[in-house]
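Results of the structural survey
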Amino acid sequence: MSDVDFYAARMDRAARAATQEGLAGLIVTPGPDLVWLCGYGPPATSERLTALLLAPGRRPQLIVPQLERPDAERAPGAGALAITGWTDGEDPYAAVAKLLDGHGRYGVSDNAWALHLLALQRTCPGTAYGALTEALPMMRAVKDAYEVERLAAAGAAADATYETIVDLRFAGRRESEVAADLARLLRENGHSQVDFTIVGSGPNGANPHHEAGERVIEDGDMVVLDFGGLKDGYGSDTTRTVHVGEPSSEERKVHDLVREAQQAAFEAVRPGIACQEIDRVARQVIRRAGYGEYFIHRTGHGIGVTTHEPPYMVEGEHLPLVPGMCFSIEPGIYLPGRFGVRIEDIVLCTETGARRLNNTARELRIVA
Ligand code: ZN
Ligand code: ZN
Ligand code: ZN
């Protein structure tokens with residue numbers, strides 16, 4: 001399939017899913033949903049209306065400001081769209097109204113401007129609207145071959161970043177300096193956007209929300225490295241925990257435990273199993289060893305055109321895994337005031353189990 005066919009198939013699938021949810025169609029404004037559906041990613045900061053309209057059995061319609069039309073026509077999915085430009089002074093909502101049935105309920109992008117939605121309601125009083133992620137939370141969850149290829153390439157770029165960073169000096173440098181190296185390396189390995197570069201050394205590693213600060217890394221520190229961003233429009237997100245110099249036996253034990261939990265969750269992946277089961281399997285390993293209270297976050301999240309998205313590997317998520325879902329498995333143990341350990345890989349659910357999209361060694365790595 002060519003790129004445009006992948007986008008056409010996605011838009012078709014989304015329109016049909018909308019019908020199944022009782023919606024008359026979808027109205028998608030700039031943001032990750034628009035990028036995913038047709039490959040068009042204008043900044044979401046313009047007050048001028050851009051909207052993709054999807055309804056079953058109809059050619060997808062993209063309404064754009066006339067001055068942005070050339071950009072829209074260059075989008076990889078443009079060949080599957082009917083593009084309508086509107087010029088300043090025209091009423092773009094009237095153009096949209098002509099394409100809506102005048103009645104029915106539509107799913108609208110979560111981040112659509114109130115300005116646009118209120119104008120649509122005024123122009124089409126017979127219509128009703130609901131948030132797109134409430135209507136179709138799993139719209140982007142199952143990845144096609146085009147997406148898996150890009151996610152795997154982003155994962156390989158993150159792996160290459162890790163293999164380089166572990167040869168650099170840690171002791172005596174600030175976390176922020178190592179974080180800057182991670183960002184530089186991600187870009188050198190083809191990332192166009194860096195979303196996070198967490199460097200949590202010593203006690204800072206025990207706080208999963210810590211990013212990177214001015215603390216100087218010392219010999220004897222555990223250091224959590226969690227980094228990722230976008231390469232060719234798709235996300236990377238991986239974590240390894242390294243140790244500066246020889247670790248204590250407790251540090252080794254905790255790291256082994258997290259690795260065991262990560263491996264157990266990886267092996268539990270198969271089609272049909274509920275997302276919460278992946279979380280339970282990882283948590284069970286850590287709980288049995290007496291560290292349950294120190295694993296303080298969900299086990300994973302989906303990844304695609306954004307670095308965090310549904311499905312979530314969390315207690316209460318009953319959704320079954322489906323081949324093509326890509327998500328993180330990232331258990332951790334956080335000992336307050338002391339150190340933290342997290343190990344994270346992106347995995348793909350296949351017909352027969354999981355395939356890792358991160359492939360650097362998960363053993364505790366000693367750095368200088
Ligand atoms: Zn240590
Ligand atoms: Zn991460
Ligand atoms: Zn993650």
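Residues numbered from 1 in each chain as written. Chains lettered and ligands numbered in written order. Predicted model: local features only at pLDDT ≥ 70, side-chain atom pairs only at ≥ 80, totals over all residues. Heavy atoms only, no water.

Further remarks concern the overall build of the chain. Of the regular secondary structure elements, the chain holds 10 helices and 18 strands. Long-range pairs, those at least 24 residues apart, make up 67% of the contacts in the chain with a sequence separation of at least 6. As displayed, the chain offers around 15000 Å² of accessible surface, 50% of which is attributable to carbon and sulfur atoms. Positive and negative charge centroids in the chain, built from 37 and 51 side chains respectively, lie 2 Å apart. (Helix = DSSP H or I, 4+ residues; strand = E, 2+ residues; numbered from the N terminus. Contact = heavy atoms within 4.5 Å. Areas by Shrake-Rupley, 256 points an atom, 1.4 Å probe, with all protein chains shown as cover. Lys, Arg positive; Asp, Glu negative; His and termini not counted. Charge placed at Lys NZ, Arg CZ, Asp CG, Glu CD.)

Here the focus is the coordination of the zinc ion (ligand 1). In a perfect tetrahedron of four donors around a metal, the angles come out at 109.5 degrees. In a perfect octahedron of six, they are 90 or 180 degrees. Distances from the zinc ion (ligand 1) to its protein donors, G220 (O), H243 (NE2), E251 (OE) and E251 (OE), fall within 2.1 to 2.3 Å. What the 4 donor atoms of the zinc ion (ligand 1) show is an angle range of 59 to 168 degrees at the metal, which sorts the shape as irregular. All donors of the zinc ion (ligand 1) come from a single chain, and their spacing in sequence reads G-x22-H-x7-E. Classification of H243 by relative accessible area gives buried; the value is 0%. (Donors = N, O, S within 2.8 Å, 3.2 Å for Na, K, Ca; no water. Tetrahedral: all angles 85-135°; square planar, octahedral: opposite > 155°, others 65-115°. Buried < 20%, exposed > 50% of the residue type's maximum accessible area, 1.4 Å probe, protein only.)

If you walk across this open sheet you meet the 6 strands as β4-β3-β2-β1-β5-β6, and the pairing is mixed. Edge positions in the sheet fall to β4 (82-86) and β6 (127-131), since each of these pairs with one other strand and no more. Ignoring which end each strand starts from, the neighbouring axes of this sheet average 25 degrees apart. Bridge count for strand β3 (residues 61-65) against β4 is 5 bridges, and the pairing is parallel. Looking across to β4, one finds that Q61 is bridged to A82. Lying over the sheet, helix α4 (residues 92-99) contacts β2 (51-54), β3 and β4, oriented at roughly 175 degrees with respect to β3. (Pairing = 2+ DSSP bridges. Axes fitted to C-alpha atoms, helices over the stretch in contact; angles between N-to-C directions.)

A few words on the pairing of strand β10 (residues 238-244). Most of β10 sits inside the fold, with 7 of its 7 residues counted as buried. Neither face of β10 is open: one carries T238, R240, V242 and V244, the other T239, T241 and H243, and all of them are buried. Inspection of the sheet shows strand β8 (residues 222-231) paired to β10 by 6 bridges, in the antiparallel sense. Across the sheet, residue V224 finds its bridge partner in β10, namely T241. Looking at chain direction, β10 and strand β18 (residues 365-367) are connected through 3 bridges and run parallel. For V244, the partnering residue across the bridge sits in β18 and is V367.

Below, the discussion takes up the nonpolar core. Grouped together as the largest cluster of nonpolar side chains are 38 residues, with contacts concentrated most on L26, L37, L52 and L62. Secondary structure elements with two or more residues in this core: α1 (3-20), β1 (25-28), α2 (32-38), β2, β3, α7 (145-165) and β16 (345-350). If you tally residues by element for this core, the top one is α1, at 6 residues. When residues of this core are assigned to domains, at least three map to each of domain 1 (3-135) and domain 2 (145-367). V254, I273, L321 and I333 belong to the second-largest nonpolar core, a separate cluster that totals 31 residues. (Core = buried A, V, L, I, M, F, W, Y, C linked by side-chain atoms within 4.5 Å. Domains from an automatic or database assignment.)

What follows is about the pairing of strand β12 (residues 309-313). In this structure, strand β11 (residues 300-302) lies alongside β12, joined through 3 bridges in antiparallel fashion. Bridge pairing in β12 links G302 to E309. Between β11 and the antiparallel strand that follows it, β12, lie 6 residues.

The subject of this paragraph is the packing of helix α9 (residues 249-268) against helix α10 (residues 275-288). Between α9 and α10, whose axes approach to 8 Å, the crossing angle comes to 150 degrees. Taken as axis vectors, α9 and α10 run roughly antiparallel relative to one another. Considering how the two elements wind past one another, α9 and α10 form a crossing that is right-handed. Contacts between α9 and α10 involve L257, E260, A261, A264, A265 and A268 from the first element and I278, V281, A282, V285, I286 and R288 from the second. Here the contact of α9 with α10 is built from residues that sort into 10 nonpolar, no polar and 2 charged. (Parallel < 35°, antiparallel > 145°, perpendicular 65-115°, else oblique. Left-handed = near helix turned anticlockwise from the far one by under 90°. Nonpolar A, V, L, I, M, F, W, Y, C, P; charged D, E, K, R; others polar.)

On to the environment of R105. Counting through the fold element by element, R105 comes out in strand β5 (residues 104-108). Accessibility expressed as a relative area gives 42% for R105, which makes it partly exposed. When neighbours within four sequence positions are excluded, R105 is seen to be in contact with L23, A24, G25, A128, Y129 and G130.

Its domain assignment divides the chain into domain 1 (3-135) and domain 2 (145-367). The partner domain 2 presents 7 residues to the 7 residues of domain 1 that form the contact. Across the domain 1/domain 2 interface, buried area totals approximately 580 Å², and carbon plus sulfur atoms make up 62% of it. A per-residue breakdown of the area domain 1 buries against domain 2 is headed by F6, R10 and W36, which together make up 54% of the total. At the boundary of domain 1 with domain 2, the tally comes to 0 salt bridges. The interface formed by domain 1 and domain 2 holds 2 residue pairs in polar contact (both at pLDDT 80 or more) in total. Among the elements of the structure, α1 and α2 are those that each provide at least two residues to the side of domain 1 that touches domain 2. The greatest single-element share of the side of domain 1 that touches domain 2, amounting to 4 residues, is contributed by α1. Across the side of domain 1 that touches domain 2, the residue classes break down as 5 nonpolar, no polar and 2 charged. (Buried area = accessible area lost by both parts, 1.4 Å probe. Salt bridge = Lys/Arg side-chain N within 4 Å of Asp/Glu carboxyl O. Polar contact = N/O pair within 3.5 Å; in protein donor to acceptor, adjacent residues only side chain to side chain.)

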